[in-house]
Amino acid sequence: VTDTVLDVLRSPLGLLAITLGGYQLGRWLQARTGGHALAQPVLVTIVVAGVAITLLDVDYADYRSGTELIAFWLGPATVALAIPLHRQADRLKGFVVPLLVAITVGAAVSIVSGALVARALGADELLEKTLATKAATTPVAIAVADAAGGIPPLAAVFPRPRRGRRLPRHRRVPDAAGGRGRGRLRRAVDGADRARDQRAPAGARAADVLITSRVAAFPLGATAHALA
Amino acid sequence: MIAGLTWLVAFQLLGELIVRLTDIPVPGPVAGMLCLFVFLRLRKYDDSGSVVRAGSALLRHLQLFFVPAGVGVVAYLATIREDALPIGVSMLVSWLLALAVVGWTAVGLERLLGRPRDDLPQLGEGP
């Protein structure tokens, strides 16, 4: 009986169920902890699935092909990133030049500094290429790491500020006095946090800069690769 | 829902075709995203369109789709342990630098162009 149960768990259906179950657990934990920074559904799911395949003695390659049904939707979801871009395009009018320049400079800084620091501290070329993708949003980073000869699974798990990240409860209420006496950049970043989480109009442009910069960082990664 | 998903897959297919035909070093879904963006701008789509509804539904659970790739980290745990220092420091430094540079460049250019559209002091005022 035990063998039968293990066999079913090792089947694509079992692996899918474990992954989806882990994701639900992660969402439940996030709701229970009021959006604690460590209670990221994706982190919980990866830990649950990682432990499960280790215990079940399933090869990663088998897990990857078993859960292809989930990974497939990364493509259409990447295409769908055009939707938030479209929604915010009107708000960006008149800000296009500073935005594009800032994104280009920021992406270049992120790529170059990431790769150089890694090299200075003794990382090999493979790791350097993987770290260089960090500026892009996760689905794009996975694809770029793949194309540039990095390590896609690592590009997927290296932390970055996420779209739609939930704030701790005490930070969710907009605070009218919050901006006073603080640096402009700091206010912009705070505004970006709030706008992303609540779709609040104030500071939303800063959110656009941050979100769009991650979507747009890919051509630089690709160019860096082409030049390397 | 299915109509919207069909559109998304169709745009991904289009992107894939463009990438293969032109041989540009960009992932197919990213080219598809740019095509969809142009399409949405031209058609002035609002939130009721099927593409927008299906796409928003997918984006709500974007994290889930990373998991199969992310679980691969178990195969690279040794790499991470060996190179923990370069990985950690490189991520921290490049993140802080890029954040500061993007912010400063955008704000600085806005001032330079003389058309400051500063909505930041309105922080916290309701819609």
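Whatever comes next refers back to the structure up there.
Caption draft 1: Seen up close, the packing of helix H1 (residues 2-22) of chain B against helix H3 (residues 50-60) of chain B. Residue and element names in this part refer to chain B. Put simply, H1 and H3 touch, their axes get as near as 7 Å, and they point 85° apart. On the basis of their axis angle, the class for H1 and H3 is roughly perpendicular. Taking contact as the criterion, the partners of Ala3, Gly4, Leu5, Trp7 and Leu8 in H1 are, on H3, Ser50, Val51, Ala54, Gly55 and Leu58.

Caption draft 2: Main features of the packing of aromatic side chains. If you walk through the whole model with that rule in mind, you get four aromatic pairs over all chains. A ring pair is formed by Phe72 of chain A and Trp73 of chain A, whose centres lie 5.0 Å apart and whose planes are at 80°; its orientation type is edge-to-face. Overall, the relative accessible area of 24% leaves Trp73 of chain A in the partly exposed class. Relative to Phe39 of chain B, the ring of Trp7 of chain B has its centre 5.9 Å away and its plane inclined at 25°; by these criteria the two rings are stacked. You can see Trp7 of chain B sitting in helix H1 and its partner Phe39 of chain B sitting in helix H2 (residues 28-43), a full 32 residues away along the chain.

Caption draft 3: Structural detail: helix H2 (residues 12-32) of chain A. If you check H2 of chain A, its first and last C-alpha atoms are 30 Å apart, about what 21 residues at 1.5 Å a residue would give, namely 30 Å. Turning to H2 of chain A, its buried residues are Gly14, Leu15, Leu16, Ile18, Thr19, Gly22, Tyr23, Gly26 and Gln30 of chain A. For H2 of chain A, the elements touching its buried residues are helix H1 (2-10), helix H3 (41-56), helix H4 (60-66) and helix H5 (68-71) of chain A together with H3 and helix H4 (62-70) of chain B. A positive phi of about 65° marks Gly34 of chain A, the residue just after H2 of chain A.

Criteria and cut-off values
Residues numbered from 1 in each chain as written. Chains lettered and ligands numbered in written order. Predicted model: local features only at pLDDT ≥ 70, side-chain atom pairs only at ≥ 80, totals over all residues. Heavy atoms only, no water. Axes fitted to C-alpha atoms, helices over the stretch in contact; angles between N-to-C directions. Helix = DSSP H or I, 4+ residues; strand = E, 2+ residues; numbered from the N terminus. Parallel < 35°, antiparallel > 145°, perpendicular 65-115°, else oblique. Contact = heavy atoms within 4.5 Å. Phe/Tyr/Trp six-rings, centres within 6.5 Å; stacked < 30°, edge-to-face > 60°. Buried < 20%, exposed > 50% of the residue type's maximum accessible area, 1.4 Å probe, protein only. Expected span 1.5 Å × (residues − 1).

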